[in-house]
Amino acid sequence: MATNVNERNVPETPTNKMLDCLWEARSLSLYTVKICSNTNNFPPEYYQTMTGDMIKKAKDIYRLGKRANAIYVQGKTGHERWEERSRYQREAIFLCVDLLSDIDVAKTLFNIRGKRVKYWTKQVVTVKRMYIAWHNADKERYAQYIN
């Protein structure tokens, strides 16, 4: 019998934190593209000034996670690799903050429904928290490479 994802007994390992974070970041990216492409929410003439930027940020949040995950911290270059991996994670966290600001402006400017904004904002906050948890787990995991 199949088990729902949130009902599985999965240990809190760095790998699982990373996978969960990437999955949520991917969902955020997809949702942002859908909501920003909907002309009922955003008139097409605002693509250059508003929605294109929001879509790029959401996609970059996901991309940065994929990049961070592709960097293996080990060996003689472990310190440099940790710095790069950590930088990608922190950049994704700051893009979440930026996207939240954009959502706030969009809500006011375009009168987007409160329910939709609440769901979207919750997704961004969840992804941000997951990136922070992943980053903190990595700090413990790669402590030997951190000055």
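Overview of the structure. (Residues numbered from 1 in each chain as written. Predicted model: local features only at pLDDT ≥ 70, side-chain atom pairs only at ≥ 80, totals over all residues. Heavy atoms only, no water.)

### A closer look at helix α4 (residues 114-141)
Next, step 1: The first and last C-alpha atoms of α4 sit 40 Å apart over 28 residues, in line with the 40 Å expected at 1.5 Å per residue.
Next, step 2: Among the residues of α4, those classed as buried are Val117, Trp120, Gln123, Val124, Val127, Met130, Tyr131, Trp134, His135, Ala137 and Asp138. (Helix = DSSP H or I, 4+ residues; strand = E, 2+ residues; numbered from the N terminus. Expected span 1.5 Å × (residues − 1). Buried < 20%, exposed > 50% of the residue type's maximum accessible area, 1.4 Å probe, protein only.)

### Here's the deal with the environment of Asp20
Next, step 1: Relative to the elements of secondary structure, Asp20 occurs in helix α1 (residues 14-37).
Next, step 2: Since its relative accessible area comes to 39%, Asp20 is described here as partly exposed.
Next, step 3: Between the C-alpha atoms of Asp20 and Met130, which are 110 residues apart in sequence, the distance is 7.6 Å.

### With respect to the pattern of salt bridges
Next, step 1: Going through the model one piece at a time under the given rule, you end up with five salt bridges.
Next, step 2: A salt bridge links Asp102 to Lys57; the nearest nitrogen and oxygen atoms lie 2.6 Å apart. Here Lys57 lies in helix α2 (residues 47-69) and Asp102 lies in helix α3 (residues 78-110), a separation of 45 residues in the sequence.
Next, step 3: On the basis of relative accessibility, which here comes to 14%, the residue Asp102 falls in the buried class.
Next, step 4: For Lys57, a relative accessible area of 12% corresponds to the buried category.
Next, step 5: In this structure, Asp138 engages Arg85 in a salt bridge whose closest nitrogen and oxygen atoms are separated by 2.6 Å. Note that Asp138 is positioned in helix α4 and Arg85 in helix α3, a separation of 53 residues in sequence. Both residues of the pair, Asp138 and Arg85, belong to the buried class.
Next, step 6: Counted as one network, the salt bridges with shared partners bring together Asp53, Lys57 and Asp102. (Salt bridge = Lys/Arg side-chain N within 4 Å of Asp/Glu carboxyl O.)

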